[in-house]
Every structure is written in structure tokens, then in C-alpha cells.
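# Breakdown of the fold
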Amino acid sequence: RLRLYCVPVSAKMALKELSSLEKCLGLKKPNKYSTQGEKKVPVLQNNQGSALVGLVTIASHLVCEAQRTELLGDSAEQRAVVQQWLEYRVTRLDGCSKDEVKVILKELNQYLEDKVYMAGNCFTLADALMYYGIHHIIMELAVEEKERYLNVTRWFDHIQHYPGVRHHLPPVVVLRNRVYPSSQH
Amino acid sequence: MGFGDLKTPAGLKVLNDFLADKSYIEGYVPSQADIVVFDALSGVPSADLCHALRWYNHIKSYQKEKASLPGVKKPLGQYGPAGMEDTTVGVPAVKDEEEDDDIDLFGSDEEEEDEETKRIKEERLAAYNAKKSKKPALIAKSSILLDVKPWDDETDMAKLEQCVRSIQMDGLVWGQSKLVPVGYGIKKLQIACVVEDDKVGTDQLEELITAFEDYVQSMDVAAFNKI
């Protein structure tokens, strides 16, 4: 049975994520963030007095600041796919209910069957933000659930080992239990 | 190790199962390991081998940069799940056991890196999106064990050894030696050396050693291993 997955989004977690992303991107000078509203949406105040609001907005801004725009996709098609998953992270994954988790895992498992990364053949911001967003769910999965959503498990294990990504999050042990035969779709 | 014969359905199935929870053959970045296995396939895996197919399409996208992927190519049989019988041909020769003595002059086999060290090493080697890496200069070397036989039991073996060790060549390094009785009070000199394949050959060594006619009756290669 799936246990408690909808962890209330905390300000600390949201800001830790941005801090990790900065390190992942190689940004030397950390920004100062704040949060607003019940959902603790992150805010980045810039010098000019205006603000950037929202995880995806700020994350995309950080990518540009670090001059790593390839992480947003380097073709029109890849850029679209990256955006799709950034949106998915904020609209579907964050704050999802227990029932929704199962649906998400099933969708992702199907999606990742023929893919190594979320978009195209290289690591993008979509992988980073999906990883950060889904970590608390994967941590709680039982062994047979990791087996059932094998493609998600495989992708997750890959990304958590990707140089520079993991930072604030504890590694999740992903052991393939050979007792359970690999299920075909 | 090994996947079995990757040109057969059975081998492909092993590969497919192996890749179910892995993105790459070794570690978490594309490496020469993936190229070795990729080249061993006779074509695109069928759709029912979905993990092998996923991996195949992904590695195909690295075709242009495959020479600069990290890692060093190993024989095909050394990749894959542990516990599989290595059925590939051309496996590097197993070290010969000496009939005459128990002492191993060359020490243990090259150490295997454990998983963790390998992962960390690969993570350091891989740049985020750049696929460049320096190619190490590979010098082919061999370790050779020579048997040098004297004329009789009165030959001064210390002098004989001195003569052999006096042979200096670029790419030749003398190692340990010992005297091994061969019967009738006669002892042969067993001496090890490491040579660079391009610079030193056993024919040359034989010529040079047997040139010491006063001491040396003959020379044989007792063991020869690629390093």
C-alpha cells in the first residue's frame, strides 16, 4: 500500500532545492530567496526592484544566469518537452494527493520505457526538477513498487548519480530484487 | 561476466534484463563499455526487448563522439551480469602456472575496481554536456619469464645472471630471478622482465642472451603475458 506521499511543501524545502540547483549549475554566488503565500512559492528579488516568482521561472532564470541554456533544450522539440515536464512538476507533482501518486508513477513509467532522460538524449532542467520533486515519493516506495515502476526507478537512480545533482537530498537505495520477475507492459 | 552470444536471442535477452534498471552498461554515464557492447550487436534490438532498444537508441545518439567517451575498452566478456559464463572468443590468456615452483614471480592479477570507485571515477570523468576526455597513451607491454640454461652443474650461475642482467635495452626492465634445479645438480636461471612490445622482442633477447656462450647453453620463454 502506498503510504503518506503528499508532503506539505515547506519553505525550507523549496529554498533548499533552489540552492542545490545553483550548485548544480556551478553558480558561485548564492541568491537570496523568499517565499510567498500558503504554497510557499519561491520569490527572487532582483536589484531593479522587480521580482521573479515561481519555481520554474526562477530555475529557468538560473540556467540562463549560469549560461547553461542547453539545459532548457537545444532544439525546438526538445525545448517543448522540457517545458512540458517543468509544468508537470509544478501542476501535477507538487502537492499531489495519495491517489494521484499512483497515476503519476504509472504515467512516468510508461513515458520512460524508451527514454534515458526526460527530454532528448541528455540531461536537462526537466530531469533535475522532476528528480527533486519526486524524491520524497521514491524514498517511500516499497521494493515491489520500485520493481513495478522499474523505468521510473532506473531513471531516478541514474539522475541521482548524475554529477552535481543530488546535493541536499539523501540517496535512495535502488536494489533490484531478483525474486520479482520483470513485468512486461 | 558477459552476456553470452549477443548475436543470439538468448544473449539479447540477458542484455535486456541487465538494462532494465540501468541506463548504461557501466556506471551512470555513457562510456567505452557501451560502445564495446553496441558494436557487438548485429542490429537494432526488437521492440519486445524494450530496455535493450531504449539503450541502443540512446547510445546511437553518441555515435559522433564515441571515440571521446570516457573509459578504456575491455573485452566484451568482461561486461554484463556477474555469474554468466564468458563465452566470447579472444579472452586474454590466463596466466601459466609454473610446473617447477610454487612461488608466483609476477604477483597477483590486476586489481578489480569495486563498483563505488568505478562510479566515482566515472562521475569525475564526465563533463555535464561536453563529451571530451583525454585519451591516455597506451603502451603495449608484456611480462616475460625466461629460462636460461647453463652448460653443466659447474657453471658459475652468479656470473651467468650478471651477464643476463648486463643486457640493457630501451623498453626492457629486468625483474626478479631465481635458480631452479632441473636435475643432475644443474640449475637453470629463471628471470623475469617487462618489455615494451614495440621495442623488444623475444628473438632479440634470445640472441643477446645466448651470445654469452661461455655460460649460456640455451634460453627459452617459460611464460609470456600481456600487461
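Quick note: structure is the one above.
The rules we used
- Residues numbered from 1 in each chain as written.
- Chains lettered and ligands numbered in written order.
- Predicted model: local features only at pLDDT ≥ 70, side-chain atom pairs only at ≥ 80, totals over all residues.
- Heavy atoms only, no water.
- Helix = DSSP H or I, 4+ residues; strand = E, 2+ residues; numbered from the N terminus.
- Contact = heavy atoms within 4.5 Å.
- Buried < 20%, exposed > 50% of the residue type's maximum accessible area, 1.4 Å probe, protein only.
- Core = buried A, V, L, I, M, F, W, Y, C linked by side-chain atoms within 4.5 Å.
- Pairing = 2+ DSSP bridges.

### Thoughts on the side chain of Thr124(A)
- Here Thr124(A) is to be found in the loop between helix H4 (98-111) and helix H5 (125-140).
- Residues within four places of Thr124(A) in sequence aside, it is in contact with Glu70(A), Leu71(A), Gln78(A), Val82(A) and Ala119(A).

### Description of helix H7 (residues 150-160) of chain A
- Most of H7(A) sits out of view: eleven of its eleven residues are buried.
- If you check which residues of H7(A) are buried, you get Leu150(A), Asn151(A), Val152(A), Thr153(A), Arg154(A), Trp155(A), Phe156(A), Asp157(A), His158(A), Ile159(A) and Gln160(A).
- Taken together, the buried residues of H7(A) touch H4, H5 and helix H6 (143-148) of chain A together with helix H3 (50-60) of chain B.

### Side note on the nonpolar core
- Ranked by internal contacts, the top residues of the largest apolar core, which has 77 residues, are Ile134(A), Leu15(B), Ile25(B) and Trp55(B).
- Among the elements that make up this core, the one with the highest residue count is H5(A) (ten residues).
- Residues in contact with Leu15(B), not counting those within four places in the same chain, are Phe3(B), Leu6(B), Ile25(B), Val37(B), Leu41(B), Ala52(B) and Trp55(B).
- Of all hydrophobic cores here, the second largest spans 18 residues; its members include Leu146(B), Met157(B), Leu160(B) and Ile191(B).

### Observations concerning the pairing of strand E1 (residues 141-150) of chain B
Residues and elements named next belong to chain B.
- Among the ten residues of E1, eight are classified as buried, and the element is accordingly described as predominantly covered.
- Here E1 pairs with strand E3 (residues 186-196) via eight bridges, running antiparallel. Considered in E3, the bridge of Ser-143 is made with Val-194.
- The pairing of E1 with strand E4 (residues 216-226) spans nine bridges and is antiparallel. Paired with Val-148 across the two strands is Met-219, which belongs to E4.

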